[in-house]
Amino acid sequence: MSSGGLELKLIQIDPEQIDDEKLLPAAEALRRGQLVAFPTETVYGLGADANDPAAVARIFAAKGRPPDNPLIVHLADPDQLGSVARQIPPLALRLLEAFAPGPLTLVLPRSSHVPDIVTAGLDTVAVRFPAHPVARRLLQLARVPVAAPSANRSGRPSPTRAWHVLEDLGDRIPFLIDGGPCEYGLESTVLDLSTGKPVILRPGSITAEDIASVAGLPVSAVLPDRSDGSAAPRAPGMKYRHYAPRARVQIFQPPQTDREREDLDNQIRALTGEGNRAGLFASRATLDGLKSACRLLDAGAKDLAALPPGSCAGFAYGLYPDPVAASRHLFDGLRLLDRLACDVIFAEGMPEEGVGTAYMNRLRKAAGQAAPVLFVCTGNTCRSPMAAALYNLLRKPSDAPGQSAGISAMPGDLASPGALAAMNQDYRISLAAHRARRLTDGLMDEAGRILTMTAGQKKALLAIRPDLASRIQTLGEAAGLPEADVPDPYGRSVWQYQATAAKLEQLIRSFLEKET
Ligand code: TXA
Ligand code: MG
């Protein structure tokens, strides 16, 4: 049931000069059990008094949120932590000292004061101290802990501007505070500290490396939407379809060569030629490099009419490929291009390191894409790029994408001449644009499957990341041929590379057969 027809009060607040008089009615509404949408430094939140189960129930109703997905409790001051958590590990205090207020959510053992509806019955509670001055002031004036999910309809991209909230919830909530665009644009990092071993349940702008540098120990990520389905979801929300615009989202890597630019142009033309509307979410440098005529959009644009059929619009998130700017504008870009009635949105991918990990996590969900299959060898110049290319050739478009990396790769190395020749002659695949990448924690965290060429490489990976044991296999094991190592053809004849390619093809075919 919707509470349609509600009269919404829109309150404009300048974050640099907060007017308490204007904010007070919203704080009082929270205390009376009403819903208030408000800006945070990550995304807009939809708040209710966390101590009032009836108020919290209104959040679930307004969003259409499944009841088994718990909420984050927002507090103004770390002194209040004791009222929601029954136990505060020393690491929590160190992390709060370093990152609070800010975009970090901690999952802690829950105090019995927190109503069941907030935690979806879990024995843990998620807490966060937002840094946005408007959110902080609202929490201070309300003097209650505020349960708040992102202020979007369930499944839609999170809101990073007030009009995004209006679009989704305008007729369902009584208060919206407009404090301008959100700084980070992606939801907070969710870190589980309830089990003795810190685990990232949702990557965000505070990265695994940031947390590890304070914790003094490595921090791993559990991304429960992996394709092997082996772990029960630990951040219940991450199992649902998310961040989805109406348009189909297709991820591309920033083109670096003329050939890659031409590829992208051709894909756009193929779409627009059939009367479809194409959208691009990319850096200005990428958009300027295209031949297709694309109408350029500003970050502040809204209320745009549909594009004419057969045309293209480009949203520039920044001048050059950059994960911080891309993250800040991702949800805004997706919503804007949706408003223009784009049928397909081409969105620029990023390297999965630092904030790029969180960006790609959201982008992949928006694209409805499964976590990638990561092929690993030593140098990432022969076997693993050949494997990823063959896998991408043979897989169905709906299968998880294939990627590659090397345990001790020299970043930027080209594919070896033998690999280039073998792939060209036997499969008409060009590895000319391939550049070697070194295996990183971010790449492994985001991968659904990590497949090595040899048993020795698998052993090496298990030694660095025992927490990912359920995802790491040799390609042979994944193909049901556990004895099969793929030997290194490096420096040998083209003939040897062709034999390697044939072996990879055989293993990948049986892997794909087993998977579907
Ligand atoms: O940046 C943010 O975190 C924003 C702003 C508004 O603060 N909030 C937000 O809330 O993104 P929401 O509800 O959209 O996402 C909360 C995530 C969900 O994936 C949920 O499953 C997880 O946190 N979560 C909440 N409580 C949890 C708990 N006790 N244990 C594990 N995961 C939990
Ligand atoms: Mg959300």
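For clarity, every value in this text was computed on a predicted model and none was experimentally measured. (Residues numbered from 1 in each chain as written. Chains lettered and ligands numbered in written order. Predicted model: local features only at pLDDT ≥ 70, side-chain atom pairs only at ≥ 80, totals over all residues. Heavy atoms only, no water.)

Description of the side chain of T381
- You can see T381 is positioned in the loop between strand 17 (373-377) and helix 12 (383-394).
- Setting aside anything within four residues of it in sequence, one finds T381 in contact with D413, L414, A415, S416, A419, A436 and Y490. (Helix = DSSP H or I, 4+ residues; strand = E, 2+ residues; numbered from the N terminus. Contact = heavy atoms within 4.5 Å.)

Let's talk about empty space enclosed by the protein
- Under the counting rule described, the total for this entry stands at two cavities of 30 Å³ or more.
- The residue makeup of the lining of the largest cavity, split by class, is five nonpolar, six polar and two charged. (1 Å grid on protein atoms, 1.4 Å probe; cavity = no way out; pocket = protein on both sides within 12 Å on 5 of 7 lines; lining within 4 Å. Points joined across faces, edges and corners; volume = space filled by probe spheres on them. Nonpolar A, V, L, I, M, F, W, Y, C, P; charged D, E, K, R; others polar.)

A short note on unusual backbone geometry
- For the bond from A100 to P101, the omega torsion is -5°, close enough to zero to count as cis.
- One non-glycine residue, R143, lies in positive phi territory at about 55°.
- The class for R143 is exposed, based on a relative accessible area of 61%.
- For A341, which is not a glycine, the phi torsion comes out positive at approximately 65°. (Buried < 20%, exposed > 50% of the residue type's maximum accessible area, 1.4 Å probe, protein only.)

Some thoughts on the pairing of strand 3 (residues 45-49)
- Counting buried positions along strand 3 yields five of five residues, so the element is predominantly enclosed.
- In the sheet, strand 2 (residues 36-38) pairs with strand 3 via three bridges, with the strands oriented antiparallel. By the bridge assignment, F38 is partnered in strand 3 with G45.
- Two successive antiparallel strands, strand 2 and strand 3, enclose a turn made up of six residues.
- In this sheet, strand 7 (residues 146-147) lies alongside strand 3 in antiparallel orientation, the contact comprising two bridges. Bridging from a neighbouring strand, A48 pairs with A147 of strand 7. (Pairing = 2+ DSSP bridges.)

Some remarks on the domain arrangement of the chain
- Taken domain by domain, the chain consists of domain 1 (9-221), domain 2 (243-365) and domain 3 (370-516).
- With centres defined by C-alpha atoms, the gap from domain 1 to domain 3 works out at 41 Å.
- On the side of domain 3, six residues touch domain 1, which itself brings four residues to the contact.
- For the interface between domain 1 and domain 3, the tally reads zero salt bridges.
- Our enumeration of links across domain 1 and domain 3 arrives at zero residue pairs in polar contact (both at pLDDT 80 or more).
- For the side of domain 1 that touches domain 3, the per-class residue count stands at two nonpolar, one polar and one charged. (Domains from an automatic or database assignment. Salt bridge = Lys/Arg side-chain N within 4 Å of Asp/Glu carboxyl O. Polar contact = N/O pair within 3.5 Å; in protein donor to acceptor, adjacent residues only side chain to side chain.)

Some remarks on the pairing of strand 10 (residues 199-202)
- Note that strand 9 (residues 189-192) and strand 10 share three bridges and pair antiparallel. Note on strand 10: the bridge partner recorded for L191 is I200.
- Where strand 9 folds back onto strand 10 in an antiparallel hairpin, the turn is made up of six residues, including G196, whose phi is positive at roughly 90°.
- Relative to strand 11 (residues 220-221), strand 10 is paired through two bridges, and the arrangement is parallel. Note that in strand 11 the partner of V199 across the bridge is S220.
- On the question of chirality, the crossover connecting strand 10 to the parallel strand 11 by way of helix 7 (residues 208-215) is right-handed. (Right-handed = clockwise from strand over helix to strand, strands pointing away.)

What about the state of the cysteines?
- Taken as a whole, this structure holds one disulfide when the rule is applied.
- The thiol of C342 is unpaired, and the distance to the nearest cysteine sulfur, on C312, comes to 7.7 Å.
- No disulfide involves C377; its sulfur sits 6.7 Å from the nearest other cysteine sulfur, which is in C382. (Disulfide = S-S within 2.5 Å.)

Focus: the sheet that holds strand 10
- Overall, mixed pairing links the 11 strands, which are arranged 1-8-2-3-7-4-6-5-9-10-11 in an open sheet. The two strands at the open ends of the sheet, each matched to only one other strand, are strand 1 (9-12) and strand 11.

Some words on the packing of helix 12 against helix 17 (residues 494-515)
- Helix 17 packs onto helix 12 with a crossing angle of 45° between their chain directions and a minimal axis gap of 9 Å. In terms of their interaxial angle, helix 12 and helix 17 are classed as oblique. The handedness of the crossing between helix 12 and helix 17 is right-handed. Of the residues in helix 17, those in contact with R383, M386, A387, L390, Y391 and L394 of helix 12 are Y497, T500, A501, L504, E505, I508, R509, F511 and L512.
- For the contact of helix 12 with helix 17, a count of residues per class yields 11 nonpolar, one polar and three charged. (Axes fitted to C-alpha atoms, helices over the stretch in contact; angles between N-to-C directions. Parallel < 35°, antiparallel > 145°, perpendicular 65-115°, else oblique. Left-handed = near helix turned anticlockwise from the far one by under 90°.)

Description of the sheet that holds strand 12 (residues 248-252)
- Strand order in this open sheet of five strands is 12-16-13-15-14, and the pairing throughout is parallel. Looking along the sheet, the strands with just one partner apiece sit at the ends: strand 12 and strand 14 (295-297). Each strand of the sheet is rotated relative to its neighbour by a mean of 25°, with strand direction disregarded.
- Note: strand 13 (residues 278-282) against strand 16 (residues 344-348), four bridges, orientation parallel. Bridge pairing in strand 16 links G279 to I345.
- Packed on one face of the sheet, helix 11 (residues 355-366) meets strand 12, strand 13 and strand 16 and runs near 140° to strand 12.

Thoughts on the packing of aromatic side chains
- Applying the stated criterion across every chain yields a total of four aromatic pairs.
- Centre to centre, the rings of F281 and Y317 are 5.2 Å apart; their planes meet at 35°, and the pair counts as tilted. Taken together, the residues F281 in strand 13 and Y317 in the loop between strand 15 (312-316) and helix 10 (323-339) connect sequence positions 36 residues apart.
- Ring centres of F375 and Y391 lie 5.5 Å apart, and the angle between their planes is 55°; this geometry places the pair in the tilted category. Residue F375 is located in strand 17, and its partner Y391 is located in helix 12; the two are separated by 16 residues in the primary sequence. (Phe/Tyr/Trp six-rings, centres within 6.5 Å; stacked < 30°, edge-to-face > 60°.)

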